[in-house]
Structures are given as structure tokens and as C-alpha cells.
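Observations on the three-dimensional arrangement
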Amino acid sequence: MYWRCFVGVLTREMLKFWQQRTRLLSALVRPLLWLFVFAAGFRSALGLSMTEPYESYILYEEYIVPGLAAMIVLFNSMQSSLSMVYDREMGSMKVLLLSPVPRPFLLGSKLIANTLVSAIQVYIFFAFALLLDVRLSALGYVYALPVIALLSLFLGSLGLLLANYIKQLENFAGVMNFVIFPLFFLSSALYPLWKMREASEWLYQICAFNPFSSGVELLRFALYEKLEHNALAVVLCLTAITFIFAVRSFRPKASKGRFS
Amino acid sequence: MEIAVQAVSHQYGGHHALDNIDLCLKPGLTMLLGPNGAGKSTLFALITGLQKLTQGNITFDGATLSQSRTSIMAKMGVVFQQSTLDIDLSVKQNLSYFASLHGISTASALSHIQGLLDELDLTSKLNTKIRNLNGGHRRRVELARCLIHKPSLLLLDEPTVGLDIESRHLILRVVQALAHSQNVSVLWATHLFEEVKHNNNLIVLSKGRVLAHDQCEALLAKYHQQDIEHLWQHLMQEGS
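Reading guide: rules and limits
Residues numbered from 1 in each chain as written. Chains lettered and ligands numbered in written order. Predicted model: local features only at pLDDT ≥ 70, side-chain atom pairs only at ≥ 80, totals over all residues. Heavy atoms only, no water. Helix = DSSP H or I, 4+ residues; strand = E, 2+ residues; numbered from the N terminus. Rg over C-alpha atoms; globule rule 2.2 N^0.38 Å. Buried < 20%, exposed > 50% of the residue type's maximum accessible area, 1.4 Å probe, protein only. Contact = heavy atoms within 4.5 Å. UniProt positions renumbered as here; feature names shortened; annotations may be inferred. Buried area = accessible area lost by both parts, 1.4 Å probe. Salt bridge = Lys/Arg side-chain N within 4 Å of Asp/Glu carboxyl O. Polar contact = N/O pair within 3.5 Å; in protein donor to acceptor, adjacent residues only side chain to side chain. Pairing = 2+ DSSP bridges. Axes fitted to C-alpha atoms, helices over the stretch in contact; angles between N-to-C directions. 1 Å grid on protein atoms, 1.4 Å probe; cavity = no way out; pocket = protein on both sides within 12 Å on 5 of 7 lines; lining within 4 Å. Points joined across faces, edges and corners; volume = space filled by probe spheres on them. Nonpolar A, V, L, I, M, F, W, Y, C, P; charged D, E, K, R; others polar.

1. Some remarks on the overall build of chain B
- Helix and strand content of chain B: 9 helices and 9 strands.
- A globule of 240 residues ought to have a C-alpha radius of gyration of about 18 Å, and chain B, at 18 Å, matches this closely.
- Each principal axis of the C-alpha distribution contributes one length, and for chain B these read about 50 × 40 × 35 Å.
- Put simply, chain B has 240 residues, and 56% of those count as buried.
- Counting contacts in chain B only where the partners sit at least 6 residues apart, residues at least 24 apart contribute 68% of the total.

Okay, structure coming up:
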């Protein structure tokens, strides 16, 4: 029963993903613009010295590839929370919640489906990055997969949690402004934290505290076949916490208007 | 399945949506008649567990949802007032998704409801996207879908609202046949007098309170009324 249920949720998400092919396109256009346009312009402005995990001086394009891959996961996870809000408004969420299968399993299945969609997008992005000669080791690409999965589970759980507090589809713009942009720009995705420290100590502290930075660094290290233990601990803990809270937030409430 | 609703009250802020409701549903068709705002949808939300029960108790063959949610939900079929179909998917994909959520394969789900799909004129529309179906056919899909897992309890919240006469009669006929031939407990919420037949069980709900609950013929005889509409008016006057 559980396996069939999992396959059903996965199939539905993949069908919807396939039907929304523009979503794949927009998910790729965003990081590719950063990579091909933004990075080209900033290459000369930002000199990157040798820091872990890199063993030599690198070009800016190479630096931002892990950050942009994490950005794809971030945007896809938030898009997934948007689809939860849409499902709730359209009523199809009730079908899921009335399944005899326990809700944590159903929500977990949705998160895994979201992870698969994210992973597909990220690896297509990696293929495009090859055009700029950002070539990583084969093992690096393999090591990146569990990190992408973990990061996707973390950000997906965060998205599920947010989906409960977004009353209407229109309020999703608020998520963009107050969640996605701060998480992304106040992280090590686009610039190394030491660079940020040169500009502002307090901005550096915020960026260092941002859990998305941990996700980015975990992915960056994995792509170079290394493990960043602190980042792994942070992302693992936050994944567990956000998932527990996300599941709790889907419990029935006495108030009207969420799922009934 | 037998459902017992005991002393259930529910409030939204200061508004009493349900006020000390007692009901007992047995196999067969029970019509829940009440105007908009009577508390029908709230009762459905509490029975299905989509809203948290704060006062009173609801049991399904003696067990509560918190005690045995899995087995209860496996026997429950629901059609909500608002459509719950995924409009971007086809009829077959919607049925398949629902079947998988109940651990049933698409093939066995379709074979189980094949006769019903024919009767509801859905067989030729299996590959049609829901967004391309009219309201009547969408409702038929919802009805077919909620029967995939052979439920012994069927909750239908105003399933014929906004439908043409043909679809309305078809759905009513299918559900009546189901209630009588397969021993299914059906709770059908409506505000349309003509949907209530004299051999149905009837619950009259108004302003969150049960005004009457018995066999329809027995209620007509008890209150000396000739039809449902007059019975309704009588109960409203008595209730106010």
C-alpha cells in the first residue's frame, strides 16, 4: 500500500512537472543568466583567492556554479510550496489528506518527488555549465546527489511549513521578498563570505548564520569530493526540525478555511 | 458502517456552527437537509477529520478517528461541495492518483468501477483532461472516484449543486442504488427538497441544530405534513 501510494504521489508530481515545461525552462533560465551574463561581468571585478575546497585559483564562473545549483533547489522547493497552496485553493489537497496513509508519509512522498524534480533541473544545469568549461570530477557529480537531496528535503520542508501560512496564492510574492531573496542573497552562493566580511562585518555574520549558506557550502565541498562536517550537521538538524514542524502544521485545526 | 455523532458542538470565533448535535447513521441513504450556513459542511469536515473535533465525539463502528484513522479512512468515500479534482490531469490520471493513495492499482481500480464508468458516460472520456469537462461530468468523475476503494461510508456534500437535471437524476439514481444494494451508509447533504424521497432517512439541520431526524415518511406523519417542503416550513417555524 505504501509503495503504491508513494509511486502515485511521485507520478502525479512528475506529470505536473512535465505539463509545466515552462517551469523547467524558467528554472534553468534564471541560473544560466547568472552564470553566462552576471558571472562574465563580475569575473574581472571579483578576484577569488584560494580557499577551501578549491586547491588553486578559480574563475568566478566556477565559484558560483554550486551556489546557482542550490538556487535551483531553493526556487523549486518554494515553487512546490506554491503548488501546495494552489492544491489547497483548488481543493485537491483534501484528496491527499483523506488518504488512509499517515500524513507524515504522504508529505515525505511529496518532498521526495520534489527532490527528484530538483535533481533533474540541477543536473541539466551542470550540463550547461560544461559549456563554460566548468568541469568537475565525475565523483564530484555523484557526491553532489545526496547533498542535493538533503538540501531539497530541507528547503521543501520549509516550503511546506510556509504553505500553511500563505492564505492565498497572491501572497506568494511575499515569500519571494521575505524568504527566497534574503536566503539567496545573504548567503555564500554568489560571493565567498570572506569577501562579504571585507564589506561589512554584520552582513558577514548574517550570511554565516544563514542556513542556506551551509547548504551551498555542503554542495560546493561535495562537488570537489569533500565533506564539510559543520554544514552537514546544520542542514541535517534543520531538515529534521522543519520536517517535524511541517508535518505538525498539517494536523487538523479547529479553525475554518485551511483544508475544509 | 455505523456512525454515531454524539454531543458535537463547533464554533468559529463566537459563531456556533454546530450546537450539541446527536446523530446516528446506519446503512442506507440519509439525506441531510439544511439551508446554506446550517452547518452541513462543518459536520462533514468534522466527520472526515479535516477539522479538529473540539467538543463531543464521533465514532465509526465504535472507533474514533484518532484510534483507527487508517481503517476508517480506507472505508470512507467523500464528494465535497467544492471540486477536488486536479483539472490539469485527465480523468484516468485523477482516478489513478486516488487509487494509489488507497494502495490500489490503476488496473484493478478501473476494473472495479468499469460498470459505473459506463453508466456515468465516462468511459469515452478517460483520457480527457478535467478542465475540458463540463460541470456535470466533473461531478460524475468525483462520484466514480470516491467509489474506487469500495467504501462502506459515503459522504456527499451537495453533490448536485449547479448541475443540469440529467446529471442530477443520474447521480441520485446511482447513489440510491448503491445505498440499497451494497449496504453502504450514505450521508447526502442538500438544500433541495426534490432530492429527498419519502423512503429516505432525513435529518433536518438549521443554524447548527438538528430539528428532526427520522424516516422521512415517519416525520411527515408525525408533523401532519404532505410533503418535504411543508415539513421543512413547519420545522423552521417551530424551531424559531
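2. Some details on the UniProt feature "transmembrane region" (unreviewed entry) in chain A
Residue and element names in this part refer to chain A.
- In the numbering used here, UniProt assigns the feature "transmembrane region" (unreviewed entry) to residues 63-86, 111-132, 138-163, 175-194 and 231-250.
- In the segment residues 111-132, helix accounts for 86% and strand for 0%; the C-alpha atoms at its two ends are 32 Å apart.
- The span residues 231-250 is 95% helical and 0% strand by assignment, and the distance between its end C-alpha atoms comes to 28 Å.

3. Re unusual backbone geometry
Residues and elements named next belong to chain B.
- The phi torsion at Asn20 lies on the positive side, around 55°, for a residue other than glycine.
- Relative accessible area serves as the criterion here: at 47%, Asn20 is assigned to the partly exposed category.
- Of note in the backbone geometry, Glu158 takes a positive phi value of approximately 45° without being a glycine.
- Assignment of secondary structure puts Glu158 in the loop between strand 6 (153-157) and helix 7 (165-181).

4. With respect to the interface of chain A and chain B
- Contacts between chain A and chain B engage 32 residues on the former and 34 residues on the latter.
- Together, the buried faces of chain A and chain B total about 2,900 Å²; carbon and sulfur atoms form 59% of this surface.
- Looking only at chain A, the three residues that lose the most surface to chain B are Val95, Leu98 and Pro100 of chain A, adding up to 22% of its buried area.
- The partner of Asp86 of chain B in a salt bridge is Lys16 of chain A, with the nearest N and O atoms 3.1 Å apart.
- On the surface where chain A and chain B come into contact, there are 8 residue pairs in polar contact (both at pLDDT 80 or more).
- Going through the elements one at a time, helix 1 (2-19), helix 3 (60-90), helix 4 (92-97) and helix 5 (103-129) of chain A are the ones with two or more residues in the side of chain A that touches chain B.
- Top contributing element to the side of chain A that touches chain B by residue count: helix 1 of chain A, with 8 residues.

5. As for the environment of Ala7 of chain B
All names here are of chain B.
- Checked against the element boundaries, Ala7 lands in strand 1 (residues 3-12).
- With 12 residues separating them in the primary sequence, Ala7 and Asp19 have C-alpha atoms 8.0 Å apart.
- Not counting chain neighbours up to four residues away, the residues in contact with Ala7 comprise Asn20, Ile21, Asp22, Gln55 and Gly56.

6. Describing the sheet that holds strand 2 (residues 15-25) of chain B
Residue and element names in this part refer to chain B.
- Overall, antiparallel pairing links the 3 strands, which are arranged 2-1-4 in an open sheet. In this open sheet, the two edge strands, each paired with only one partner strand, are strand 2 and strand 4 (55-60). Along the sheet, successive strands turn relative to each other by an average axial angle of 20°, direction set aside.

7. Focus: the pattern of salt bridges
All names here are of chain A.
- Taken as a whole and judged by the stated rule, the model has 16 salt bridges over all chains.
- For Glu13, the salt bridge goes to Lys110, with nearest N and O atoms at 2.8 Å. One end of the pair, Glu13, is in helix 1; the other, Lys110, is in helix 5, and 97 residues separate them in sequence. One exposure class covers both Glu13 and Lys110, and it is buried.
- The closest approach of N and O atoms between Lys110 and Asp87, which form a salt bridge, is 3.9 Å. Taken as a pair, Lys110 in helix 5 and Asp87 in helix 3 lie far apart in primary sequence, 23 residues in all.

8. Looking at the layout of surface pockets
- Empty space within the largest pocket amounts to approximately 610 Å³.
- If you trace the largest pocket, you find 22 residues lining it, with Pro252 of chain A together with Gly49, Leu65, Ser66 and Arg69 of chain B closest to the centre.
- Its residues assigned to classes, the lining of the largest pocket comprises 10 nonpolar, 6 polar and 6 charged.

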